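Notes for the structure review
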Amino acid sequence: MPEPEGKLDTEAVFADVNGPTDVPLEWDAVHWRAAEDDVRRLRQRIFTASKAGDLKRVRNLQKLMLRSRANTLVSVRRVTEENAGRKTAGVDGKVVLTSPGKAALADWVHHQMKPWHARPVKRVFIPKSNGKRRPLGIPVIVDRVLQARAKNALEPEWEARFEPKSYGFRPGRGCHDAIEAIYQVVKGRDPKRRWILDADLAAAFDRIDHDHLLGSLGTFPARGPVREWLKAGVMDKGELAPTDEGVPQGGVISPVLLNIVLHGMEKAAGVRYHNRSRGGLQTAPDSPVLVRYADDLVALCHSREQAEHIKARLAEWLAPRGLAFNEDKTRIVNLDEGFDFLGFNVRRYHDKIVLIKPSREAVGRIRKRLRMEMRALRGSNSAAVLKKLTPIIRGWAAYYRTEVSSEVFSALDDYMWKLTYRWARHSHPNKSRWWVVDRYYGQFNKSRQNRWVFGDRDSGAYLPKFAWTKIVRHAMVVAAASPDDPALADYWAKRRRKQSPPPLSEPVRRLLGIQKGRCAVCNELLLHADQHPQSPHQWEQWVRVTLLAIRKQHIATTTHGVKDKLRLIHSSCRRRIEAATEGQ
């Protein structure tokens, strides 16, 4: 396909990005704490101006953010190191994984002289739980970085406006906040709102009306680039298809754009709030409660008639935005029947107690995945089994540990024992049952009185059990609280300190406690409590990425006369130490 007129050749950009050229920026020497602080302070200033209704100041600060070198550095780092799709190329086939490449990309983006025009996104399909495939649009690496920069300018403006019970794709909020918000409404033996509009939008990302979205952005300084990203087209099997509607799933800025389009849904549903002197923002007694996570939503109503009325009002409100309900997945149910939301089942049982448990579909999916993974691992050794399954188990358990999951965890442990035993017997068909048991099972975890733990005799590593994950009730984020609000800095600091331990190995968790969650080199937080994985799969990826981002390192110290202690540090701090050592 020929390059459109005026489009910059990406080969010219990546000639420096991936080549061994002399790059002025030393990537491994960047002071990331200072860069993150600069971006955070600028986001807070945008939030404050937006909250005050000072649009002129908002626009000036957004322009400053779009020119910020710290924003460029943080955006490149997020796209090339932290995002799950960092190794996935766009239509140009380019990825940036080396430190010189990241430095060159950041330098080019910050000092670009020629106008950059958005490239088409690459169509990629990923499997869904119902057997269908979800279409993703993967932008080229340069567009991803530019979108990350624009997101840091746009998001805090809207964080100051978004409604209290919108939880999807927002900093400091996640699925567990949405589930806890539902529980707070339906808990007790006699909840007032027993009728539920359980709704889903049909292909929301793919159907957003561009004109409505761009109109909502108003005079946002990067409105032109946003329009280009929307109109860039999709490349599928060598064919370029135009994009007259929708935003590409896979784009860095797309979730924020979806939230902007859906802003105002609570008001459209008739939700009313009032302030109490001590209780803060409270829903009016006769008002419905609408909890939304991206394009999934539930409206908790006083009667079936109210639920039907809200559905009709929302259908009318969605139409100008190019959106509509997915009628196959939208229904009105009584709380006694129960409903599924974000992988959980919410139901009022015969003893009038509301319980939230992992849904049947979610349990069925994890059992199927474990079964398929163990079948694929036949012929591998026990170390390969541990490497593959440990993040899956920890990630799934971490996602569901906030609700009534103990019974499900125990059942999954029984199922996992059967799968590992079959795998071991298949690997050693000529050995006796007791030989297999002695080889692969034992009390590998010394803190647990359980000798039926699957592990590797050579390394001492073992497979964690679902039931070892402690059930911890999630503390819901309050009202409209946002990490971008400078007035709530103490609130977020306390929330971070109260964060339950992450689903990592015992030695890593112990060191996190000793170090109070901070890097032994830069004293910056190793983990961020205001950014939560949003699904079992994302928890699994979070476990993997965290273990890569955090490294164990022997640090010379004179504390209590002991030297060369093992400590956790950022991988970037380790690279900086290694670079300094090589330069000596």
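First, a word on scope: everything that follows refers to the structure included in this document. Every value quoted in this text rests on a predicted model; they were computed, and no experiment measured them.

**Let's talk about helix α16 (residues 406–427)**
- Given a rise of 1.5 Å per residue, 22 residues ought to cover 32 Å, and the 31 Å separating the end C-alpha atoms of α16 matches this to within 8%.
- Among the residues making up α16, those that are buried are Val408, Phe409, Leu412, Asp413, Tyr415, Met416, Leu419, Thr420, Tyr421, Trp423 and Ala424.
- Buried residues along α16 sit in contact with β13 (354–358), α14 (360–376), α15 (382–400), α17 (433–440), β14 (441–442) and β15 (453–454).

**As for the pattern of salt bridges**
- This structure, assessed with the given rule, holds 23 salt bridges.
- Glutamate 308 serves as the salt-bridge partner of arginine 304, at 3.4 Å between the closest nitrogen and oxygen. Taken together, the residues span about one helical turn, with arginine 304 and glutamate 308 both in helix α13 (residues 304–318) at a distance of 4 residues.
- On the basis of relative accessible area, arginine 304 is assigned to the partly exposed category, the value being 34%.
- Residue class for glutamate 308 comes out partly exposed when judged on its relative accessible area of 40%.

**Looking at the side chain of glutamine 44**
- With respect to the helices and strands, the residue glutamine 44 is situated in helix α2 (residues 32–51).
- On the accessibility criterion, glutamine 44 (17% relative accessible area) is buried.
- Other than its neighbours up to four places away in sequence, glutamine 44 contacts Pro483, Asp484 and Pro486.

**Comments concerning the sheet that holds strand β5 (residues 239–241)**
- Taken in spatial order, the 4 strands of this open sheet run β2-β1-β4-β5, and their pairing is mixed. In this open sheet, the two strands that pair with only one neighbour each are β2 (133–138) and β5. Within this sheet the neighbouring strands show an average axis-to-axis angle of 40°, counted without direction.
- In terms of strand pairing, strand β4 (residues 234–236) meets β5 through 3 bridges, oriented antiparallel.

**Some points on the packing of aromatic side chains**
- Going through the model one piece at a time under the given rule, you end up with 21 aromatic pairs.
- Seen from their ring centres, tryptophan 27 and tryptophan 32 are 4.9 Å apart, and the 65° between their planes marks the pair as edge-to-face.
- Look at tryptophan 27 and you get buried, because its relative accessible area is 2%.
- For tryptophan 32, a relative accessible area of 7% puts it in the buried group.
- Measuring from ring centre to ring centre gives 5.9 Å for tyrosine 462 and tryptophan 468, while their planes differ by 75°; the resulting arrangement is edge-to-face.
- Among the residues examined, tyrosine 462 registers a relative accessible area of 22% and is labelled partly exposed.
- Exposure remark for tryptophan 468: the relative accessible area of 18% places this residue in the buried category.
- Three or more aromatic residues joined by ring pairs form one cluster here, namely Trp417, Tyr421, Trp423, Tyr440, Tyr441, Trp452 and Phe454.
- If you follow arginine 321 out to its NZ or CZ, it ends over the ring of tryptophan 317, 3.7 Å from the centre.
- Note that arginine 451 overlies the ring of tryptophan 452, its terminal NZ or CZ placed 4.9 Å from the centroid.

Calculation notes
- Residues numbered from 1 in each chain as written.
- Predicted model: local features only at pLDDT ≥ 70, side-chain atom pairs only at ≥ 80, totals over all residues.
- Heavy atoms only, no water.
- Helix = DSSP H or I, 4+ residues; strand = E, 2+ residues; numbered from the N terminus.
- Expected span 1.5 Å × (residues − 1).
- Buried < 20%, exposed > 50% of the residue type's maximum accessible area, 1.4 Å probe, protein only.
- Contact = heavy atoms within 4.5 Å.
- Salt bridge = Lys/Arg side-chain N within 4 Å of Asp/Glu carboxyl O.
- Pairing = 2+ DSSP bridges.
- Axes fitted to C-alpha atoms, helices over the stretch in contact; angles between N-to-C directions.
- Phe/Tyr/Trp six-rings, centres within 6.5 Å; stacked < 30°, edge-to-face > 60°.
- Lys NZ or Arg CZ within 6 Å of the ring centre and 35° of its normal.

Worth remembering: the numbers are spatial, not functional.
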